[in-house]
Amino acid sequence: MSSTKAHLKDSSSFEAASAPRSERHRLISDVTGEAGGQTPGIAKMAELAHNPLNPRHELTELQAMADTLLEVGQVQPLTVVTREAFLDAHPDRDGELGPARFAVIDGNRRLGGGHLAGLEEMRIDVNDELASSAGRTLESSLVANIHREDLSPIEEAEALAVLLEVHGSQRQVARRVGKTHAWVNQRLSLLELAPELQDALRAREITVEDARKVARLPHDQQVA
């Protein structure tokens, strides 16, 4: 992650966005300064790799996604970058892509559901501008997940901490991810939790509200 933090300084700012995917597309386009990606197409499953920089540690509810893909079909294409563009920004990640031609920036859960459903191919929207720097790749993935509420509170906190190291202030981070300063501050406070309580929050065994209260205590008192 250290190399990612260093490259984040190259990233450009982006404005606030709301949950609908059309808004996420607009926001991702704002990150790159481009109006949009290339023409949507079709890719074989073997040509698609999950984004190694996805801030989500686990892909949840894959069976539900697989059922939806089989019953309704693929409503939205996967937003991807070509292997060459991804490796230009992340040359140390070659082994994590395997033989794939594309890395998925937005739609990793859909890709996981597609594998589970036994699909042979999926529709894609190629936009190599999203991989023009390491920072843009990470920020594009982060904003798509935050505004779709796909991240656990701890995953959000960890991703925000990376941005904080780069941008220097919580207010600047809040502006970049389209959230309030208070929200960013509350999420970052969760990193003060003892490791076992972070795991409990990640597993949704405790609430964010309770976790924030406990995080104010010294580590030796938190678990008790």
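In what follows, the structure referred to is the one given above.
All values reported here derive from a predicted model rather than from experimental measurement. (Residues numbered from 1 in each chain as written. Predicted model: local features only at pLDDT ≥ 70, side-chain atom pairs only at ≥ 80, totals over all residues. Heavy atoms only, no water.)

Asks: Quick question: what am I supposed to make of the overall build of the protein here?
Replies: A count of helices and strands for the protein gives 13 helices and five strands. When each of the 224 residues of the protein is scored for burial, the buried share is 49%. A separation threshold of at least 6 residues defines the contact pool for the protein, and within that pool the share at least 24 residues apart is 75%. Split by element, the accessible area of the protein, about 10700 Å² in all, is 49% carbon and sulfur. (Helix = DSSP H or I, 4+ residues; strand = E, 2+ residues; numbered from the N terminus. Buried < 20%, exposed > 50% of the residue type's maximum accessible area, 1.4 Å probe, protein only. Contact = heavy atoms within 4.5 Å. Areas by Shrake-Rupley, 256 points an atom, 1.4 Å probe, with all protein chains shown as cover.)

Asks: Explain helix α10 (residues 181-189) to me, please; I cannot follow it from the model alone.
Replies: For the α-helix, the turn length of 3.6 residues means that residues three or four positions removed from each other point alike. Every buried residue of α10 is listed here: W183, V184, R187 and L188. One face of α10 carries all of its buried residues, which in axial projection span an arc of 130 degrees. (Arc of directions from axis to C-beta.)

Asks: Mind showing me how you'd approach the packing of helix α8 (residues 153-167) against α10 here?
Replies: Between two packed helices, what matters for the description is the angle formed by their axes and the separation of those axes. It is the contact of α8 with α10, at a shortest axis distance of 8 Å, that shows an interaxial angle of 110 degrees. Regarding the angle of α8 to α10, the classification is roughly perpendicular. Where α8 abuts α10, its residues P153, E156, A157, L160, A161 and L164 lie against W183, V184, R187 and L188. Residue classes in the contact of α8 with α10 are distributed as eight nonpolar, no polar and two charged. (Axes fitted to C-alpha atoms, helices over the stretch in contact; angles between N-to-C directions. Parallel < 35°, antiparallel > 145°, perpendicular 65-115°, else oblique. Nonpolar A, V, L, I, M, F, W, Y, C, P; charged D, E, K, R; others polar.)

Asks: It is not clear to me how the nonpolar core should be interpreted in this structure. Could you clarify?
Replies: Among soluble globular proteins, nonpolar side chains are generally buried collectively. Within the largest apolar cluster, 13 residues are counted, with the highest numbers of intra-cluster contacts made by L48, L78, V80, F102, L111, M122 and I124. For this core, the secondary-structure elements that each account for two or more residues are α3 (62-71), β3 (78-82), β4 (102-106) and β5 (121-126). The biggest single contributor to this core is β5, with three residues. When sequence neighbours within four positions are dropped, the list of residues in contact with L78 reads L48, V104, D106, G107, R110, L111, M122, R123, I124 and D125. (Core = buried A, V, L, I, M, F, W, Y, C linked by side-chain atoms within 4.5 Å.)

Asks: Explain the pattern of salt bridges here, please?
Replies: Oppositely charged side chains can pair when the atoms bearing their charge come close. This structure, assessed with the given rule, holds seven salt bridges. Between K44 and E121 there is a salt bridge; the shortest N-O distance is 3.5 Å. You can see K44 sitting in strand β1 (residues 41-44) and its partner E121 sitting in strand β5, a full 77 residues away along the chain. Since its relative accessible area comes to 44%, K44 is described here as partly exposed. When the shortest N-O distance is used, the salt bridge between E156 and R187 registers 2.5 Å. Of this pair, E156 sits in helix α8 while R187 sits in helix α10, and the two are 31 residues apart along the sequence. The exposure class assigned to E156 is buried, which follows from its relative accessible area of 6%. Judged by relative accessible area, which is 14%, R187 ranks as buried. (Salt bridge = Lys/Arg side-chain N within 4 Å of Asp/Glu carboxyl O.)

Asks: Can you help me understand the packing of aromatic side chains in this one?
Replies: Two descriptors summarise a pair of aromatic rings, namely the distance from one centre to the other and the angle between the planes of the rings. A full pass over the atoms with the stated rule returns zero aromatic pairs. Above the plane of the ring of W183 lies K179, whose end atom (NZ or CZ) is 5.0 Å from the centre. (Phe/Tyr/Trp six-rings, centres within 6.5 Å; stacked < 30°, edge-to-face > 60°. Lys NZ or Arg CZ within 6 Å of the ring centre and 35° of its normal.)

Asks: Looking at this model, I keep getting lost on the packing of helix α9 (residues 170-177) against α10. Mind explaining?
Replies: Where α9 meets α10, the closest approach of the two axes is 8 Å, and the angle between their N-to-C directions is 110 degrees. Taken as axis vectors, α9 and α10 run roughly perpendicular relative to one another. Within the contact between the two elements, α9 uses Q170, R171, V173 and A174 and α10 uses H181, V184, N185 and L188. Among the residues forming the contact of α9 with α10, the class breakdown is four nonpolar, three polar and one charged.

Asks: Sorry if this is basic, but what is going on with unusual backbone geometry here?
Replies: Despite not being glycine, R204 has its phi angle at roughly 60 degrees, a positive value. Turning to its location among the elements, R204 is positioned in the loop between α11 (195-202) and α12 (208-215).

Asks: It is not clear to me how the environment of L188 should be interpreted in this structure. Could you clarify?
Replies: The residue L188 is located in helix α10 in this model. A sequence separation of 28 residues divides L188 from L160, and the C-alpha atoms of the two residues are 7.1 Å apart. Once residues within four sequence positions are removed from consideration, L188 is found in contact with A157, L160, A161, L164 and Q170.

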